[in-house]
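# Remarks on the overall topology
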Amino acid sequence: MLLVLFASVVGSFGAVFLKLGAVRLTGIVSLLNWRLALGVGLYLGSSVVYALGIRHGQLSVLFPMVAVGYIWTLLWARLFFHERFTRTKLIGLGLVLAGVLLVGLGS
Amino acid sequence: MSTTTASESANPNSAARGRMVLMMAGATLLSAAAQILMKIGMHHFSPNLLTIVTNLPLIAGYALYGLFTLLMVLALREGELSLMYPIISLSYVWVTALSYFIFHDTLSPLKLLGIAGIMAGVTLLGRGERK
């Protein structure tokens, strides 16, 4: 459980570094920047930790934790990139999160 | 160029934003295809280097996943993280549909409700604030 929670945090930072790297892209060569590499690395790392975490049964926590991962990512988007959250956006995000949880419950 | 990019990402109603949403949504099709191919590849997986490098579905799945990541990075260049990231959930919609048709997986009412929620949520995110 704790391991899967940890994986969700690691994965959300993967998204942060992909964003940091993406805004610095100027050409094909700049694809090889350390922020993008770290972002991809954190994603791969988080999927390994997820796999380890759910190996001992608890597949039922996977989707809730994926949803928690979305919440981390949104939190970092607000904190680090100062992105705006309008009411429409919040409703859309709520529907997506509820949808991910339901897909998990129904699997 | 850099100033245009900055002002476009600061304005959530810009045309660039719509393009990024579409690119991200298109990318989820690749991610879904990648997941299906990986699932097919894992059916005849064995921990042997020769069988892994000749496992075409698995390799194609990883390649498509790489392409998905590239498109996501391109979408993130101008698109907001809080907007692009939730769109990834669309891949659940495609994977569920493809699993139903290819593997004849069952569709539970809860799953269908979840799919509807994701589609409605992404639609709202994609439309944004229309004035």
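Look up: the structure comes first, before these words.
One structure accompanies this document, and this report is about it. Everything quoted here is computed from the prediction, not taken from an experiment.

Turning our eyes to something else, we now look at the overall build of chain A. The helix and strand inventory of chain A stands at four helices and zero strands. Taken from N to C terminus, the helices and strands of chain A fall in the order α-α-α-α. Each principal axis of the C-alpha atoms in chain A carries an extent, and together these give about 45 × 35 × 20 Å. Taken across its 107 residues, chain A has 36% of its residues classed as buried.

Attention now goes to the environment of Y70 of chain A. Position of Y70 of chain A relative to the elements: it lies in helix 3 (residues 62–81). Exposure remark for Y70 of chain A: the 23 C-beta atoms within 10 Å place this residue in the buried category. With near-sequence residues (within four places) excluded, Y70 of chain A lies in contact with L97 of chain A together with Y85 and P86 of chain B.

A separate point is the nonpolar core. Core analysis: the biggest nonpolar cluster contains 53 residues, and L18 of chain A together with M24, M72, L76, M84, I87 and I118 of chain B have the highest contact counts within it. Counting residues per element, this core draws most heavily on helix 2 (residues 15–43) of chain B, at nine residues. Ignoring anything within four residues of it in the chain, the contact list for I118 of chain B reads V96, G99 and V100 of chain A together with S89, L90, Y92 and V93 of chain B.

Helix packing for two helices is described by the angle between their axes and how far apart those axes are. Orientation of helix 1 (residues 2–22) of chain A relative to helix 4 (residues 56–78) of chain B, taken along the N-to-C sense of each, is 65°, at an axis distance of 8 Å. On the basis of their axis angle, the class for helix 1 of chain A and helix 4 of chain B is roughly perpendicular. Where helix 1 of chain A crosses over helix 4 of chain B, the two elements pack in a sense that is right-handed. On helix 4 of chain B, the residues that touch L18, K19, G21 and A22 of chain A of helix 1 of chain A are M72, V73, L76 and R77 of chain B. Residues belonging to the contact of helix 1 of chain A with helix 4 of chain B are distributed by class as follows: five nonpolar, one polar and two charged.

Let us look at the interface of chain B and chain A. Taken together, the contact pairs 29 residues of chain B with 33 residues of chain A. Sorting the residues of the side of chain B that touches chain A by element identifies helix 4, helix 5 (81–87), helix 6 (90–102) and helix 7 (109–127) of chain B as the ones contributing at least two each. Per-class residue counts for the side of chain B that touches chain A are 16 nonpolar, nine polar and four charged.

The rules behind the values
Residues numbered from 1 in each chain as written. Chains lettered and ligands numbered in written order. Predicted model: local features only at pLDDT ≥ 70, side-chain atom pairs only at ≥ 80, totals over all residues. Helix = DSSP H or I, 4+ residues; strand = E, 2+ residues; numbered from the N terminus. Buried ≥ 20, exposed ≤ 12 C-beta atoms within 10 Å, placed from the backbone. Contact = placed C-beta atoms within 7 Å. Core = buried A, V, L, I, M, F, W, Y, C linked by C-beta atoms within 7 Å. Axes fitted to C-alpha atoms, helices over the stretch in contact; angles between N-to-C directions. Parallel < 35°, antiparallel > 145°, perpendicular 65-115°, else oblique. Left-handed = near helix turned anticlockwise from the far one by under 90°. Nonpolar A, V, L, I, M, F, W, Y, C, P; charged D, E, K, R; others polar.

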